[in-house]
Amino acid sequence: MKQSLTEGSIRQRLTKLTLPMVWGILAIVAFNLADTYFVGQLGTNQLAAMSFTFPVVMTLGSLAMGLGIGASSIIARAIGQGDRRRVQRFTTNSLTLGVVAVALLASLGLLTIEPLFTALGANETLMPFVQQYMQIWYFGIVFLVIPMIGNSAIRAAGDTVTPSLIMMFAAGLNILLDPFLIFGVAGFPELGLAGAAWATVIARAITLVASLCVLKFKEDMLSSYFPNLEETLWCWRDILYVGLPAAGATMITPISIGVITSLLATYGAVAVAGFGIASRIESFAMIALMALSASIGPFVGQNWGAKKYGRVAEALRQSYIFCLGWGICMAIALAIFGSQLATLFNNNNEVIEVASKYLWLVPITYGAGGIIQVASSAFNALGKPTPAITMTTLRMFVFYIPLAYIGSRFFEITGIFFAATLSNIFVGIIAFRWSSHTQKQLVECEKVTAP
């Protein structure tokens, strides 16, 4: 554990943080695609059942991510202050908070599988498959939540290589185990959809062991003393102050996408399929910006804790320039090659046409979308979660969804996609102005505190 981000070239530090994260995120995207592919080989019912689990899995994953963001925020600032005992206390208590959250979520989840998924629309044919998958997934939720928090703590220490290696190994192991456990290859039991769940649980279990070992033996960030209740509750309060709004902001996006998908469904399966393909292509195009937004948090946190406010302001300035440059490159590339990329997923001309419309319009605002992500991550790292959740709410509920409804009435599918473009632009401007005001305050603070 070192104040590794408070010295040296800002550009080099951000690059070293971001590049490993690109590979880690890419591994997770690949794992999700592979999981869907293998389950799809079992049949339509199994694939549909797994699709029903996505909202629940994503929602609980968002909560785990929020706890990780909260932990990373306070741990990075403590590292910047050079207070090792405080770092150990926050890291240990963030993991105990994860254990409590797991116990509550797993118990509630196991008791509500049937009523919850019935409410989501799963019928009697699909329900046995849903139960088969979710009973195992809830059992293994500890292997999702604790490693997320642990890896966030490791990143807070300025190490993005180790968490990325852990993510890549887990994704690779999951992909390797899928055919063995789903189809019973090489003498393994043929478990069907349950095999996909077990593959995920086993791979995640290894990430738990790995992240705890790194925290204890490599970074020395875990306390050997049993914390008292008052101290624990105090730490939990600080983590949740950032973590709960961050989780809420993360959960808003899948909920909003569900609303947009239902709106597109009125134009038929072709529109939904085209949107789905474009979204998958977009997830790859945005990986660099997602990695940068994940990396800016530890950098901002450590330098804020060390009272090096000028470095925070300069890091945000450089990050925004990268976002705009990357966005322009992706917009040009997808305008030229978007149709060809869509054909890799589906050869239906109508589906490709819908995907191409999206890839012509929305990518021109990827730079603004990146600024929103980076600004949100920076505000969370500063312990100021309100701007982040405000920007996400504005983007989805104030601009995107209302404009999509209006646009669909006048321009049909194109109007919906244009709404996404406008919402990115509007909120991107707000994010830039809001964070620019904060940057000016940071520079003034450094002048005041300078010896």
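Up top is the structure.
Quantities reported herein were computed from a predicted structural model and do not represent experimental measurements.

Draft legend 1. Quick look at unusual backbone geometry. At Asp220, a position not held by glycine, the phi torsion is positive, near 55 degrees. Here Asp220 lies in the loop between α8 (193-218) and α9 (229-265). Backbone geometry at Glu412 places phi at a positive 55 degrees, although glycine is not the residue there.

Draft legend 2. Focus on the nonpolar core. Ranked by internal contacts, the top residues of the largest apolar core, which has 58 residues, are Ile75, Phe117, Tyr133, Met134, Trp137, Ile141 and Met221. Elements with a minimum of two residues in this core: α1 (10-40), α2 (44-81), α3 (84-111), α4 (113-120), α5 (127-139), α6 (142-156), α8 and α9. Residue contributions to this core peak at 13 residues, all from α2. Dropping the residues within four chain positions of it, Trp137 is found in contact with Val57, Leu60 and Leu144. If you look at the next biggest cluster of nonpolar residues, it comprises 57 residues, including Leu264, Phe275, Met330 and Leu359.

Draft legend 3. Local environment of the pattern of salt bridges. Taken as a whole, this structure holds six salt bridges when the rule is applied. With a closest N to O distance of 3.2 Å, Lys218 and Glu219 form a salt bridge. The salt bridge involving Glu314 is made with Arg317; its shortest N-O contact spans 2.7 Å. You can see Glu314 and its partner Arg317 sitting in helix α12 (residues 309-343), three residues apart, about one turn around the helix. On the basis of relative accessibility, which here comes to 25%, the residue Glu314 falls in the partly exposed class.

Draft legend 4. Quick peek at the packing of helix α11 (residues 287-305) against α12. For the pair α11 and α12, the least separation of the axes is 9 Å and the interaxial angle reads 175 degrees. When the axis of α11 is compared with that of α12, the two are roughly antiparallel. Mapping the contact onto sequence places Ala288, Leu289, Leu292, Ile296, Phe299, Val300, Asn303 and Trp304 in α11 and Tyr309, Arg311, Val312, Ala315, Leu316, Ser319, Phe322, Cys323 and Trp326 in α12. Residue classes in the contact of α11 with α12 are distributed as 14 nonpolar, two polar and one charged.

Draft legend 5. View of the packing of aromatic side chains. Evaluation of the coordinates by the stated rule reveals 13 aromatic pairs. Measuring from ring centre to ring centre gives 5.9 Å for Trp137 and Tyr138, while their planes differ by 75 degrees; the resulting arrangement is edge-to-face. For the residue pair Trp137 and Tyr138, the accessibility class agrees, reading buried in each case. An aromatic cluster of at least three residues, connected via ring pairs, comprises Phe275, Tyr358 and Phe417.

Draft legend 6. Representation of the layout of surface pockets in the model. Quantified by volume, the second largest pocket comes out at close to 320 Å³. Arg11, Leu14, Thr15, Leu292 and Phe322 are the residues nearest the centre of the second largest pocket, which is lined by 14 residues in total. Those elements giving two or more residues to the lining of the second largest pocket turn out to be α1, α11 and α12.

Draft legend 7. Up close: the packing of α3 against α9. Contact pair α3 / α9: the axes reach a minimum separation of 9 Å and the direction vectors enclose 80 degrees. Comparing their axes, α9 and α3 come out roughly perpendicular. Of the residues in α9, those in contact with Arg85, Arg86, Arg89, Phe90, Asn93, Ser94, Thr96, Leu97 and Val100 of α3 are Glu231, Thr232, Trp234, Cys235, Trp236, Asp238, Ile239 and Leu240. Across the contact of α3 with α9, the residue classes break down as eight nonpolar, four polar and five charged.

What counts and what doesn't
- Residues numbered from 1 in each chain as written.
- Predicted model: local features only at pLDDT ≥ 70, side-chain atom pairs only at ≥ 80, totals over all residues.
- Heavy atoms only, no water.
- Helix = DSSP H or I, 4+ residues; strand = E, 2+ residues; numbered from the N terminus.
- Core = buried A, V, L, I, M, F, W, Y, C linked by side-chain atoms within 4.5 Å.
- Buried < 20%, exposed > 50% of the residue type's maximum accessible area, 1.4 Å probe, protein only.
- Contact = heavy atoms within 4.5 Å.
- Salt bridge = Lys/Arg side-chain N within 4 Å of Asp/Glu carboxyl O.
- Axes fitted to C-alpha atoms, helices over the stretch in contact; angles between N-to-C directions.
- Parallel < 35°, antiparallel > 145°, perpendicular 65-115°, else oblique.
- Nonpolar A, V, L, I, M, F, W, Y, C, P; charged D, E, K, R; others polar.
- Phe/Tyr/Trp six-rings, centres within 6.5 Å; stacked < 30°, edge-to-face > 60°.
- 1 Å grid on protein atoms, 1.4 Å probe; cavity = no way out; pocket = protein on both sides within 12 Å on 5 of 7 lines; lining within 4 Å.
- Points joined across faces, edges and corners; volume = space filled by probe spheres on them.

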